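Topology and contacts: notes
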Amino acid sequence: MTEPVIALTKTLIAEKSISPDDKNCQQIIIERLKPLGFVIEEVNIGNTKNLWAYHGELAGKTLMFAGHTDVVPAGDESKWNSPPFEPTIDKNGILYGRGAADMKSGVAAMVCAAESFVKKYPDHAGRVAFLITSDEEADASDGTVKVVDLLIKRQEHIDYCIVGEPSSDSVFGDQIKNGRRGSLTANLVVHGIQGHVAYPHLADNPVHRFAPALNELVATVWDNGNQYFPQTTMQVANINGGTGAENVVPGELSVQFNFRYSSELTDEMIKSKVDAILQRHNLNYTLNWRLSGQPFLTPQGELTDATASAIKAFTKIDTKLSTSGGTSDGRFIAKLGCQVIEFGVINKTIHKVNENVNCQDIITLQAIYIDILEKLLLA
Ligand SMILES: [Zn+2]
């Protein structure tokens, strides 16, 4: 393979950038963007490297590509058919290596797409921008979230963002992620009074007290979802009570439950509804919440339409919008108030042994990104 986008993907895979270590990835990207006239800003925080870069003028729309250069560890390298940090292409054109799908191919495709676009239209309207981090896979605490805060403080205006994460499911192009559900965890302790099971009138059993409240929590319909999100779900993850002895009424019951919620609800709405249920059952309790991510949604619009029609043009596929899956950096980027989607290669092998990507898909991804740039910035 001699295509520049394949060569760049391979170069990036060869950098053993285990989160949050960027190794040389962002330097390699900077060396590509700088000669094109991109304004480059490195935002390094602790062990994390971040890159904010743009080309063009503020007048007009800004389309930002976002992604990460870090990867998860390879695991047991002896289980790989080829060394995980030595990019290897088999006779079918499948490229193997850690980060092949998540997401060094995506980063290479966006860099090469911007390169072609800027060379072809050096005086294009608007801006092509990049937000690249080395802290997505681990803590995600010094990466995109911090750069987004910085951009908000500066009142940077971003119209569109394409996160190059592997969004495709079974065939390349079948899925665009246009949002994610929120995730909220409750850590509940129900307090009672420990005692002898033979003298229940002297004890107060928190398991018995909680049982009807649990029943109500489980039976509650939190919402009915909407056009883009499935119904909000609540699942008990852990429940613990008892001393281990058969003749002791426990003094405390710990329950942990998690909500995956739609854009119909906010974390505050869920919290107050849970409190109301617990209070209605006269429980003496302590409740601590942990919010992992608010839901975000980009309704169908210019960005999803441009992406869907580019996908159709290059793959013949009628793509679909989806909000499935876990959290991603899209949750931070959404705070910029821009339209944000994730679109990239097939995610079937991400984080696995023998992670791989089809080289043809990377080439097509680059072509789709160029087409989206032309549709949104030249219009
Ligand atoms: Zn990723």
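Everything here concerns the structure above.
Just so it is clear, the model here is predicted, and its values are computed rather than measured.

**Structural notes on the coordination of the zinc ion**
Of the protein atoms, only His68 (NE2), Asp102 (OD), Glu165 (OE) and Glu165 (OE) coordinate the zinc ion, at distances of 1.9 to 2.7 Å. Seen from the zinc ion, its four donor atoms lie at angles of 52 to 146°, and the figure they make is irregular. Motif for the zinc ion, donor spacing along one chain: H-x33-D-x62-E. Pair noted here: Asp102 is in helix α3 (residues 100-120) and Glu165 is in the loop between β7 (160-163) and β8 (175-177), with a separation of 63 residues, a long-range link. Residue Asp102 shares its accessibility class with Glu165, and that shared class is buried.

**What about the sheet that holds strand β4 (residues 88-89)?**
Sheet architecture is open: three strands sit in the order β4-β5-β19, paired in antiparallel fashion. In this open sheet, the two strands that pair with only one neighbour each are β4 and β19 (356-358). When strand β5 (residues 94-96) meets β19, the two strands line up antiparallel, connected through three bridges. Bridge pairing in β19 places Ile94 opposite Asn358. The strands touched by α3 are β5 and β19; relative to β19, the strand with the most contacts, the crossing angle is about 45°.

**Here's the deal with the packing of helix α1 (residues 4-13) against helix α2 (residues 25-33)**
Relative to each other, α1 and α2 sit at 150°, their axes nearing to 10 Å. With respect to their mutual orientation, α1 and α2 come out roughly antiparallel. Between α1 and α2 the crossing geometry is right-handed. Within the contact between the two elements, α1 uses Pro4, Leu8, Thr11 and Leu12 and α2 uses Cys25, Ile28 and Arg32. Partitioning the contact of α1 with α2 into residue classes produces five nonpolar, one polar and one charged.

Thresholds, definitions, all that
- Residues numbered from 1 in each chain as written.
- Predicted model: local features only at pLDDT ≥ 70, side-chain atom pairs only at ≥ 80, totals over all residues.
- Heavy atoms only, no water.
- Donors = N, O, S within 2.8 Å, 3.2 Å for Na, K, Ca; no water.
- Tetrahedral: all angles 85-135°; square planar, octahedral: opposite > 155°, others 65-115°.
- Helix = DSSP H or I, 4+ residues; strand = E, 2+ residues; numbered from the N terminus.
- Buried < 20%, exposed > 50% of the residue type's maximum accessible area, 1.4 Å probe, protein only.
- Pairing = 2+ DSSP bridges.
- Contact = heavy atoms within 4.5 Å.
- Axes fitted to C-alpha atoms, helices over the stretch in contact; angles between N-to-C directions.
- Parallel < 35°, antiparallel > 145°, perpendicular 65-115°, else oblique.
- Left-handed = near helix turned anticlockwise from the far one by under 90°.
- Nonpolar A, V, L, I, M, F, W, Y, C, P; charged D, E, K, R; others polar.

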